[in-house]
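Close look at the chain arrangement
Here's the letter readout for the chains.
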Amino acid sequence: MHGLNLVTLCLIIVGGLNWLLVGLFQFDLVAAIFGGQSALLARIVYILVGLSAIWQLVVFFKAAKSGEVAAERGAGHPRGPRP
């Protein structure tokens, strides 16, 4: 599952950067690369990014339920942020 989490996280980052470009410059990089928003490959990327977000939500809520959310402890430090 670690590999899947990494792939979905990367896809979410790609999607977030794409939305940043859309918001700042009205430029959809995915559409530009794959031939427009309605092109099959662009739609596949959009679908994969959306499914990745759903997957990461599931992972996040499972971690939150078991108390494993790293953001609550600090930047990767096992006992929390340093004073």
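In case you missed it, the structure is sitting above this.
Note that this is a predicted model, so its numbers are computed, not measured. (Residues numbered from 1 in each chain as written. Predicted model: local features only at pLDDT ≥ 70, side-chain atom pairs only at ≥ 80, totals over all residues. Heavy atoms only, no water.)

Here's the deal with the side chain of Ser 52
Cut-off, in case you're wondering: Only runs of H or I of at least four residues qualify as helices and only runs of E of at least two qualify as strands under DSSP, and these elements are numbered from the N terminus. Note on exposure labels: buried denotes an accessible area under 20% of the residue type's maximum, exposed denotes more than 50%, and partly exposed covers the range between, all computed with a 1.4 Å probe on protein chains only. Every residue pair with non-hydrogen atoms within 4.5 Å of one another is taken to be in contact.
For Ser 52, the location among the structural elements is in helix α3 (residues 40–66). Among the residues examined, Ser 52 registers a relative accessible area of 4% and is labelled buried. What Ser 52 contacts, discounting residues up to four positions off in sequence, is Thr 8, Leu 11 and Ile 12.

Describing the side chain of Asn 18
For clarity, the threshold we go by: Here a polar contact means two N or O atoms within 3.5 Å. Within protein one must be a hydrogen donor candidate and the other an acceptor candidate, and residues neighboring in sequence count only if both atoms are side-chain atoms.
Mapped onto the elements, Asn 18 comes out in helix α1 (residues 2–25). You can call Asn 18 buried: its relative accessible area is 7%. A polar contact is formed between the side chain of Asn 18 and the backbone nitrogen of Val 30, at a distance of 3.2 Å. Setting aside residues no more than four positions away along its own chain, Asn 18 makes contact with Phe 27, Asp 28, Leu 29, Val 30 and Tyr 46.

Side note on the packing of aromatic side chains
Put simply, the rule reads: Classification of ring pairs uses Phe, Tyr and Trp, with its six-membered ring standing for Trp, and accepts pairs whose centres are within 6.5 Å; under 30 degrees between planes counts as stacked, over 60 as edge-to-face, and the remaining range as tilted.
A complete count under the given rule lists one aromatic pair for this structure. On the numbers, 5.4 Å between centres and 70 degrees between planes, the contact of Phe 60 with Phe 61 is edge-to-face. Its relative accessible area of 42% is what places Phe 60 among the partly exposed residues. A residue is classified by how much of its surface remains accessible, and Phe 61, at 53% relative accessible area, is exposed.

Some details on the packing of α1 against α3
For the record, the criterion: For every element, the axis is a line fit to its C-alpha atoms; helices are fit only across the contacting stretch, and the angle between N-to-C directions ranges from 0 to 180 degrees. When describing relative orientation, an angle under 35 degrees is termed roughly parallel and one over 145 degrees roughly antiparallel, while 65 to 115 degrees is termed roughly perpendicular and anything else oblique. Crossings are sorted by hand: turned counterclockwise from the far helix by less than a right angle, the near helix makes the crossing left-handed, and turned clockwise it makes it right-handed.
For the pair α1 and α3, interaxial distance at closest approach is 8 Å and the crossing angle is 120 degrees. In this view, α1 runs oblique relative to α3, as classed from their interaxial angle. Seen from above, α1 lies across α3 with left-handed handedness. Note on element contacts: α3 touches α1 through Tyr 46, Leu 48, Val 49, Ser 52, Ala 53, Trp 55, Gln 56 and Val 59, opposite Leu 4, Asn 5, Thr 8, Leu 9, Leu 11, Ile 12, Gly 15 and Asn 18.

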